[in-house]
Amino acid sequence: MQAATLNQATLHGFLDHLRNERRYSPLTEENYARDICRLLKLAGDTPLNELKNHQIRRFVAQLHGSGLGGKSLARMLSAWRSFYFYLIRDHQFKDNPCIGLRAPKSARKLPHALSPDEAVRMMELPTTGDILAVRDKAMFELFYSSGLRLAELVSLDPPALDFTDAVVRVIGKGAKTRVVPLGSYAISALQAWLARRGQLAKPDETALFVNRNGSRIGSRAVQLRMSGWGIKQGITSGVHPHLLRHSFASHVLQSSGDLRAVQEMLGHASISTTQVYTHLDFQYLSKIYDAAHPRAKKKTV
């Protein structure tokens, strides 16, 4: 079997492994596939089991030179590393040439978050007589109330909601389940949507949120609806699902200062991932300090 054919066959096997064994989401699987395809293209006619550490390092340097940032390269290296672990396990490969390699560091960009006033404005959708607006309000309130990822929200079914205990049960990355609090505004919006969901959903549809055709709503449709509503509500920064997740995290941290609780609610495996929000919190405090402290800034003459 030629190297290119073998490489494609092993890629399909790896994607099956991600889907069936590691229970990754379709979006994560798609990202892995894209990263592995880039490796296969860089490898060309060289069989995967003949690639060495210095060649992988050269690939990373080429991609960095073409403008790919450190964060993207780190994600790509992680995908390649996982791919080779799979090949060692299932295809008798002897070595993982990605071990010990690190991506170049790039400047860390802080996630943008809405101000509390902007978040409130985003939630105040006019819903009278518009069933899709009722649905959208419930989705947006749930994003902001509980800090869900987009993939987590679109995969929800109604039994995941527990209004008595005011929580939602979410299946996150790696098929890990977590229980996240629901705010009172989110509960009200969700109850309003559930009262009308049957008018839109197909009889056998199990999804919590459905599209205008009655089937489970897709990620792209949620993004487009949110972007459109952001413009209508006068928010110029460009609203998307991850922005509401960032806003949830930064606003909870500003109010509570409890980084560990925010980590649990976001479903971060490592506290270091959540620590970016301490920088947001510091920026917020710095603005308050500059505005309030009489000697915070030098007077201009």
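Residues numbered from 1 in each chain as written. Predicted model: local features only at pLDDT ≥ 70, side-chain atom pairs only at ≥ 80, totals over all residues. Heavy atoms only, no water.

**Concerning the packing of helix H2 (residues 26–43) against helix H4 (residues 70–90)**
A pair of packed helices can be characterised by two numbers: the angle between their axes and the separation between those axes.
So, point 1. At a closest axis distance of 9 Å, the pairing of H2 and H4 adopts a crossing angle of 80°. Comparing their axes, H4 and H2 come out roughly perpendicular. Residues Tyr32, Asp35, Ile36, Arg38, Leu39 and Leu42 of H2 lie in contact with H4, whose contacting residues are Arg75, Met76, Ala79, Trp80, Ser82, Phe83 and Tyr84.
So, point 2. Split into classes, the residues belonging to the contact of H2 with H4 amount to nine nonpolar, one polar and three charged. (Axes fitted to C-alpha atoms, helices over the stretch in contact; angles between N-to-C directions. Helix = DSSP H or I, 4+ residues; strand = E, 2+ residues; numbered from the N terminus. Parallel < 35°, antiparallel > 145°, perpendicular 65-115°, else oblique. Contact = heavy atoms within 4.5 Å. Nonpolar A, V, L, I, M, F, W, Y, C, P; charged D, E, K, R; others polar.)

**Considerations on unusual backbone geometry**
So, point 1. Backbone geometry places Arg23, a non-glycine residue, at a positive phi of 60°.
So, point 2. Within the fold, Arg23 resides in the loop between helix H1 (3–20) and H2.
So, point 3. Even without being a glycine, Ala166 presents a positive backbone phi close to 55°.
So, point 4. Looking at the secondary structure, you find Ala166 in the loop between strand E1 (161–162) and strand E2 (167–171).

**Section: the pairing of E2**
So, point 1. Where burial is concerned, the two faces of E2 differ: the one with Val168 and Val170 is buried and the one with Val167, Arg169 and Ile171 is not.
So, point 2. Here E1 pairs with E2 via two bridges, running antiparallel. Paired with Asp162 across the two strands is Val167, which belongs to E2.
So, point 3. Connecting the antiparallel pair E1 and E2 is a turn made up of four residues, with Ala166 showing a positive phi of about 55°.
So, point 4. Examined bridge by bridge, E2 and strand E3 (residues 177–181) share five bridges and lie antiparallel to one another. Bridge pairing in E3 links Ile171 to Thr177.
So, point 5. Counting the residues that bridge the hairpin from E2 to E3 gives five residues, and of these Gly174 lies at a positive phi of roughly 65°. (Buried < 20%, exposed > 50% of the residue type's maximum accessible area, 1.4 Å probe, protein only. Pairing = 2+ DSSP bridges.)

**A closer look at helix H5 (residues 116–123)**
For an α-helix, the turn length of 3.6 residues means that residues three or four places apart are oriented alike.
So, point 1. For H5, every residue scored as buried is listed here: Ala119, Met122 and Met123. The buried residues of H5 occupy one face: seen down the axis, they fall within an arc of 95°. (Arc of directions from axis to C-beta.)

**Looking at the packing of aromatic side chains**
So, point 1. For the structure on display, the rule yields seven aromatic pairs.
So, point 2. Put simply, the rings of Phe14, Tyr24, Tyr32, Phe83, Tyr84, Tyr86 and Phe93 pair up and form one aromatic cluster. (Phe/Tyr/Trp six-rings, centres within 6.5 Å; stacked < 30°, edge-to-face > 60°.)

**With respect to the environment of Lys105**
So, point 1. Inspection of the secondary structure assignment puts Lys105 in the loop between H4 and H5.
So, point 2. With a relative accessible area of 85%, Lys105 lands in the exposed category.
So, point 3. Between the alpha carbons of Lys105 and Leu73 there is a distance of 9.3 Å; along the sequence they are 32 residues apart.

**Brief notes about the sheet that holds E2**
So, point 1. Strand order across the open sheet formed by three strands is E1-E2-E3, with antiparallel pairing between neighbours. Since the sheet does not close on itself, it has two edges, and those belong to E1 and E3, each with one partner.

**Thoughts on the confidence of the model for the chain**
So, point 1. Across the chain, the average pLDDT comes to 83, with 79% of residues at or above 70.
So, point 2. Confidence drops under pLDDT 50 across residues 280–286; counting only partners more than four residues distant or on other chains, this segment forms seven contacts. (pLDDT = per-residue confidence, 0-100.)

**Observations regarding the pattern of salt bridges**
So, point 1. Going through the model one piece at a time under the given rule, you end up with eleven salt bridges.
So, point 2. Notably, a salt bridge pairs Arg19 with Glu29, separated by 2.7 Å at the nearest N-O pair. Highlighted residues: Arg19 in helix H1 and Glu29 in helix H2, separated in sequence by ten residues.
So, point 3. Connected through shared salt-bridge partners, Asp16, Arg19 and Glu29 make up one network. (Salt bridge = Lys/Arg side-chain N within 4 Å of Asp/Glu carboxyl O.)

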